[in-house]
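The chain contents come next:
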Amino acid sequence: MADYVFDGRHLKKRNGSQIGYIEGNTIKDAYHKKVGEIEGNAIKDAHYNKIAEVDNGDIKDAQYNKIWTVEGVHNIIDGPGEVPPAALWVLLIR
């Protein structure tokens, strides 16, 4: 059983407390502060710097080094998609 639940918009702990959410392409924390953005397969920080990318099931950092897999993220976050859960993991959990 995963520690977090992503319903397509909100990321919550298993106990129901909100960690963050996605509004369009923008990722915000529980206090509504922008922490990053999704642009295609790229994950950017709040200052639009590319910090990670999803590539064929792998999550790679800005230097294109593998940091984890989408499958591994799905073991921690129950929810749909590849890039949104990966972005939430990179920006809010990791």
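Please refer to the structure placed before this passage.
Quick caveat: nothing in here was measured; it's all calculated off a predicted structure.

Rules used throughout
- The numbering scheme is per chain: residues are counted from 1 as the chain's sequence reads.
- Per-residue local features are limited, in this predicted model, to residues with pLDDT of at least 70; the limit for side-chain atom pairs, both in listing and counting, is 80 or more; totals at the level of whole chains, interfaces and linings are taken over all residues.
- Only hydrogens and water are set aside; all other atoms, that is, all heavy atoms of the structure, feed into the side-chain values.
- A run of H or I in DSSP counts as a helix once it spans at least four residues, and a run of E counts as a strand once it spans at least two, with each numbered from the N terminus.
- Every radius of gyration here is taken over C-alpha atoms, with the globule rule written as 2.2 Å times N^0.38, N being the number of residues.
- Only the protein chains shown count as cover for residues, and the accessible areas themselves come from Shrake-Rupley with a 1.4 Å probe.
- Note on contacts: a residue pair is in contact if any heavy atoms of the two residues lie within 4.5 Å.
- Each residue is assigned to one of three classes by its accessible area relative to the maximum for its type, calculated with a 1.4 Å probe on protein chains only: buried under 20%, partly exposed between the two thresholds, exposed over 50%.
- We score Asp and Glu as negative and Lys and Arg as positive, and we do not count His or the chain ends.
- We define a salt bridge as a side-chain nitrogen of Lys or Arg found within 4 Å of a carboxyl oxygen belonging to Asp or Glu.
- Here a polar contact means two N or O atoms within 3.5 Å. Within protein one must be a hydrogen donor candidate and the other an acceptor candidate, and residues neighboring in sequence count only if both atoms are side-chain atoms.
- Two strands qualify as a pair provided DSSP detects at least 2 bridges between them.
- To define a nonpolar core, start from buried Ala, Val, Leu, Ile, Met, Phe, Trp, Tyr and Cys residues and group those joined through side-chain atoms within 4.5 Å.

Quick word on the overall build of the protein
(1) Moving on: Scanning the protein from N- to C-terminus turns up two helices and 10 strands.
(2) Moving on: Written out in order from the N terminus, the α and β elements of the protein read β-β-β-β-β-β-β-β-β-α-β-α.
(3) Moving on: Taken over the C-alpha trace, the protein has a radius of gyration of 12 Å; the compact-globule value for 94 residues is 12 Å, and the two agree within 12%.
(4) Moving on: Principal axes of the C-alpha set define a box for the protein whose edges measure 35 × 30 × 20 Å.
(5) Moving on: On the protein, roughly 5200 Å² of surface is accessible, and the fraction owed to carbon and sulfur atoms is 44%.

Notes on the environment of Asn-49
(1) Moving on: Here Asn-49 lies in the loop between β6 (42-45) and β7 (50-55).
(2) Moving on: Those residues within four positions of Asn-49 in sequence are excluded, and the remaining contacts are Ile-43 and Lys-44.

Remarks on the side chain of Asp-61
(1) Moving on: Assignment of secondary structure puts Asp-61 in strand β8 (residues 58-61).
(2) Moving on: For the buried Asp-61, no salt bridge exists, and the shortest N-O distance to an oppositely charged side chain is 6.8 Å, to Arg-94.
(3) Moving on: Engagement of the side chain of Asp-61 in a polar contact is seen with the backbone nitrogen of Gln-63, the distance being 3.0 Å.
(4) Moving on: A polar contact is formed between the side chain of Asp-61 and the backbone nitrogen of Asn-65, at a distance of 2.8 Å.

Considerations on the pairing of β6
(1) Moving on: On β6, burial covers both faces: Ala-42 and Lys-44 on one face and Ile-43 and Asp-45 on the other are all buried.
(2) Moving on: In this structure, strand β5 (residues 34-39) lies alongside β6, joined through four bridges in antiparallel fashion. Each bridged residue has a counterpart across the sheet, and for Glu-37 the counterpart in β6 is Lys-44.
(3) Moving on: Connecting the antiparallel pair β5 and β6 is a turn made up of two residues, with Gly-40 showing a positive phi of about 70°.
(4) Moving on: Pairing of β6 with β7, which is carried by three bridges, proceeds in the antiparallel orientation. Opposite Ile-43, over in β7, you have Ala-52 as the bridge partner.

Concerning the nonpolar core
(1) Moving on: By size, the foremost hydrophobic cluster in this structure holds 21 residues, and its most contacted members are Leu-11, Ile-27, Ile-43, Ile-59 and Ile-77.
(2) Moving on: Where this core is concerned, the elements lending two or more residues are β1 (4-6), β3 (18-23), β7, α1 (70-76) and α2 (83-93).
(3) Moving on: Examining the composition of this core, we find that seven residues originate from one element, α2, more than from any other.
(4) Moving on: Non-local contacts of Ile-27, meaning those with residues more than four positions away in its chain, are made with Tyr-21, Ile-22, Lys-33, Lys-34, Val-35, Gly-36, Glu-37, Ile-38, Ala-87, Leu-88, Leu-91 and Leu-92.

Interpretation in functional terms is not warranted from these geometric data alone.
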